[in-house]
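Next come the chains, spelled out residue by residue.
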Amino acid sequence: MHAIRPLLRKSLFKLFAATLACAALLAPRAASAEALLLIEADSGKVLQAENATIPWYPASVTKIMTAYVTLKAVKDGRLTLDTLLTVSPTAASQSPSKMGFRPGTQLTVDNALKMMMVKSANDMAVVLAEGVGGSIDGFSAMMNDTAQRLGMTQTSYVNPNGLPADGQITSARDLGILARSFLRDLPEYEYFVHIPAIRFGKRVTGNFNKLIGRYPGADGFKTGFICASGYNLVASATRNGRRLIAVVLGANSGTARAVKAAQLLERGFGQDNLTWLRPSLGAVDKLVPVDASPPNLREEMCGGHRKRPASDDDDALIATNGGSAGSASATGGEAQFTFFTAGLQPPLMKASELMATAPAAAEPVLVYTGPTRTGTALIAAVAADADQQATPKPHGKKSRVAKKPDAADKPADKPKTAAAKPDAAKPDAKNTTKGDGKIAAKPAAAKHAAAKPDAAAKPAEKPASGDAAAKPAKPKAATKPAAAKPANNS
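All of these numbers come straight from a predicted model, not from anything done at the bench.

**As for helix α7 (residues 172–185)**
Residues separated by three or four positions in an α-helix point in the same direction, a consequence of the helix having 3.6 residues per turn.
Move 1: The end-to-end C-alpha separation of α7 is 20 Å, in line with the 20 Å expected for 14 residues at 1.5 Å each.
Move 2: Burial within α7 is extensive, with 13 of its 14 residues counted as buried.

Here's what the structure looks like:
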């Protein structure tokens, strides 16, 4: 009996340890609607994988493939970075985020790529697609052919920007393969995936990838968001000559995805001397795909519980006791794990704190419309783009609200009495119910300040405009803004 007891204790201890290990592995999958992957860029070795082969909606990480196909065409000599492309009506009609150029505007492949990768401009993705593939469908076929050639067996594309579409599907596994392929096949164009910010005219836009300029060694790639996918991020970083790629799909905020990616990367860099602690997971292309439908996170990401509309440029900070279970565990618990795998060296700062800091100072890269320019010609081009931004809101809103003959008179606020009146009688009172909503309020102020229903309260602002009182029928003009359309998520 005494001889049996030690054996029994050993067996119970092993059983208890196995139970804990299983619980640790299974709990995150059950509690978190996230897919995670960490791989070595050079070898493709998988360092961590969680739900990595479950199909997912890619959102704007689609643009990594758009950039890959475009730059491959440049490398093969089918076009150059200086090739001029034209904004088509189809490109101009894309939902935000976008640059908002009018149809007919021309710009180079180089500038379109920079705008697409930093601002995640959906219109620029279509400009590139039409310029390289002739049409969205033609370019999508090129994307799908490339995906199959690279071994991205879970991926299909129907558009170049990742806007919602049933057939637009990928997985963390396939995104890891794509990121590796980009670095391997296009090293001379790697610059496009880690530009910290761009300046267009007077407007500076920082990279939506919060790791750039914050996480030490961060050097890529791209963010993405639509309601159905949640917040996605493909990120890379290099330390001591070793480059890692992290993929996060389905995080609950823009900062949460960056925090999770930073923690994955930190964990990977901390494994240099402790690889024996983890079983080998093989190479990324050997991960077995799961035959399932992509999870739809629309209600969780864009339901009425959110204080403000979700978007790809989301500054909401992750909370340790809020959000999804995966996000909550991404702060304290994983920082302690990093402490252990880093050889008992405490981290300089938690990932959540690091993402909350301001990015390192960096000179924004100039982007502009028109052909490639240098020197004084470049200065003149940037100045011309800045001049066009002088009155962006009245100009843009009028062109969207009502494309009527009087739209040509929009430059002036004061002449509205003479030029706007011919159309003022056309909109009926039936539209005024829409006109007093949020969408209508702003354009109405820009175009018919003297003609609003509450114009009676504003005559004091424009006493010189005597015709405001002379034309009482004008209040109906406030209906024009009803044509404005709310922006879609991107």
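**A word on the packing of helix α2 (residues 62–75) against helix α5 (residues 122–133)**
Move 1: Closest axis-to-axis distance for the α2/α5 pair is 10 Å, and the angle between their directions is 35°. Where α2 crosses over α5, the two elements pack in a sense that is left-handed. Only N122, A125, L128 and V132 of α5 make contact with α2, whose side of the interface consists of K63, T66, T70 and A73.
Move 2: Residue composition of the contact of α2 with α5, by class: four nonpolar, three polar and one charged.

**Section: the pairing of strand β9 (residues 242–251)**
Move 1: When you tally the buried positions in β9, you get ten out of ten residues, the bulk of the element.
Move 2: Summarising the sheet, strand β1 (residues 35–40) and β9 pair through six bridges and their orientation is antiparallel. The residue bridging L37 from the neighbouring strand is V247, located in β9.
Move 3: Where strand β8 (residues 230–239) meets β9, eight bridges bridge the pair, whose relative direction is antiparallel. When the sheet's bridge partners are listed, A237 is paired in β9 with L244.

**Comments concerning the pairing of strand β5 (residues 197–200)**
Successive side chains on a regular strand alternate, one facing one side of the sheet and the next facing the other.
Move 1: As defined by bridge partners, β5 adjoins strand β6 (residues 203–206) across four bridges and the pair is classed as antiparallel. Note that in β6 the partner of F200 across the bridge is R203.
Move 2: Between the end of β5 and the start of β6, which pair antiparallel, lie two residues, with G201 showing a positive phi angle near 60°.

**As for the sheet that holds β5**
Move 1: Strand order in this open sheet of three strands is β6-β5-β10, and the pairing throughout is mixed. The sheet is open, and its two borders are formed by β6 and β10 (365–367), each paired with just one other strand. Between one strand axis and the next, the sheet turns through 30° on average, direction left out of account.
Move 2: Here β5 runs beside β10; their pairing, made up of three bridges, is parallel. Bridging from a neighbouring strand, I198 pairs with V365 of β10.

The rules behind these values
- Residues numbered from 1 in each chain as written.
- Predicted model: local features only at pLDDT ≥ 70, side-chain atom pairs only at ≥ 80, totals over all residues.
- Heavy atoms only, no water.
- Helix = DSSP H or I, 4+ residues; strand = E, 2+ residues; numbered from the N terminus.
- Expected span 1.5 Å × (residues − 1).
- Buried < 20%, exposed > 50% of the residue type's maximum accessible area, 1.4 Å probe, protein only.
- Axes fitted to C-alpha atoms, helices over the stretch in contact; angles between N-to-C directions.
- Left-handed = near helix turned anticlockwise from the far one by under 90°.
- Contact = heavy atoms within 4.5 Å.
- Nonpolar A, V, L, I, M, F, W, Y, C, P; charged D, E, K, R; others polar.
- Pairing = 2+ DSSP bridges.

Taken by themselves, the reported measurements are silent on function.
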